[in-house]
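Commentary on secondary and tertiary structure
These are the residues of each chain, in order.
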Amino acid sequence: LVTMSAFLIRKYSLPELRVKSHPQSKWLVLLLLTAFLVTVSPLAVWPEKSWDKLIDIAKIGILYFLLIQVVRDKTHFRYLLLLQILGVLWWGWNAYTNPHRSAGRLIGIGGPDSFNDNAASAHLLGVIPLIAAMYLTGKRWEKVICIVAAPFVINAFILCNSRGGLMGMVAMGAMALIL
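The sections below set out a description of the structure shown in this document. It should be emphasised that the depicted structure is a prediction, and the values quoted were computed from it without experimental measurement. (Residues numbered from 1 in each chain as written. Predicted model: local features only at pLDDT ≥ 70, side-chain atom pairs only at ≥ 80, totals over all residues. Heavy atoms only, no water.)

Looking at the overall build of the protein chain
Broken down by element type, the protein chain carries seven helices and two strands. Along the protein chain, helices and strands appear, N-terminal first, in the series α-α-α-α-β-β-α-α-α. Its C-alpha atoms give the protein chain principal-axis dimensions of roughly 45 × 45 × 35 Å. Counting the 179 residues in the protein chain, one finds 28% classified as buried. Counting only contacts in the protein chain whose residues sit at least 6 apart along the sequence, the fraction spanning at least 24 positions is 69%. If you sum the accessible surface of the protein chain, you get close to 12,400 Å²; carbon and sulfur atoms cover 70% of it. Between the averaged position of the 17 positive side-chain charges in the protein chain and that of its 8 negative side-chain charges there is a distance of 9 Å. (Helix = DSSP H or I, 4+ residues; strand = E, 2+ residues; numbered from the N terminus. Buried < 20%, exposed > 50% of the residue type's maximum accessible area, 1.4 Å probe, protein only. Contact = heavy atoms within 4.5 Å. Areas by Shrake-Rupley, 256 points an atom, 1.4 Å probe, with all protein chains shown as cover. Lys, Arg positive; Asp, Glu negative; His and termini not counted. Charge placed at Lys NZ, Arg CZ, Asp CG, Glu CD.)

Remarks on the pattern of salt bridges
Counting across every chain of the model gives one salt bridge. Residue Glu 142 is joined to Arg 78 by a salt bridge in which the shortest nitrogen-to-oxygen separation is 2.7 Å. Of the two residues, Glu 142 is situated in helix H6 (residues 140-160) and Arg 78 in helix H4 (residues 74-97); the sequence distance between them amounts to 64 residues. Grouping residues by exposure puts Glu 142 and Arg 78 together as buried. (Salt bridge = Lys/Arg side-chain N within 4 Å of Asp/Glu carboxyl O.)

Points about the packing of helix H5 (residues 117-137) against H6
Where H5 meets H6, the axes come as close as 9 Å, and the angle between the chain directions of the two elements is 155°. Here H5 lies roughly antiparallel to H6, going by the angle between them. Helix-helix and strand crossings are classified by hand; for H5 and H6 the assignment is left-handed. Contacts from Asp 117, Ala 120, Ser 121, Leu 124, Leu 125, Ile 128, Ile 131, Met 134, Tyr 135 and Leu 136 of H5 reach H6 at Glu 142, Lys 143, Cys 146, Ile 147, Ala 149, Ala 150, Val 153, Ile 154, Ala 156, Phe 157 and Cys 160. Residues that form the contact of H5 with H6 fall into these classes: 17 nonpolar, one polar and three charged. (Axes fitted to C-alpha atoms, helices over the stretch in contact; angles between N-to-C directions. Parallel < 35°, antiparallel > 145°, perpendicular 65-115°, else oblique. Left-handed = near helix turned anticlockwise from the far one by under 90°. Nonpolar A, V, L, I, M, F, W, Y, C, P; charged D, E, K, R; others polar.)

Considering the state of the cysteines
Applying the stated criterion across every chain yields a total of zero disulfides. For the unlinked cysteine Cys 146, the closest cysteine sulfur is that of Cys 160, found at 20 Å. The class for Cys 146 is buried, based on a relative accessible area of 2%. (Disulfide = S-S within 2.5 Å.)

Overview of a nonpolar patch on the surface
Taken together, the side chains of Trp 27, Leu 30, Leu 33, Phe 36, Leu 37 and Trp 51 define a hydrophobic patch exposed on the protein surface, amounting to about 660 Å² of accessible area. Its location among the elements puts Leu 37 in helix H2 (residues 23-40). (Patch = residues over 30% accessible without salt bridge, like charges linked within 9 Å, V, L, I, M, F, W, Y side chains within 5 Å.)

Spelled out as structure tokens, the structure:
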């Protein structure tokens, strides 16, 4: 919502950008078209679930085109990363202050696409390296945000108690040592 509102506010002050010329855009449009054809096909086994997945793919497509329009330079990209970090800081704060748990696992944390603890831990796993990179390369106020966010995000990751998230963390650590 923040990204969409920023785009709508600054839409007319941004220079013209040819989104159609990106090769990724053509593949995404092809994916959306294929998903639509499969969804409306009489061969769909579960039409209601197919429509739900089509809507999810359409949301990703909208986000893709929106990010291309909004992020034009390095400063815009840093602000987008900071929004991600502040978002997972909010998740971590919720996990710290009011952890709803079921069978030893954190539930009810995350955004609309994080229906369970595995999805939330996967998102947190992707943001942890961004926090580290922003801490290493950021300005003083960005480093302060990263220092505050890191413990809460790590705590939320641990409370998710996800085996897949743990394996992802191990793989990420191994790749960091190799690279």
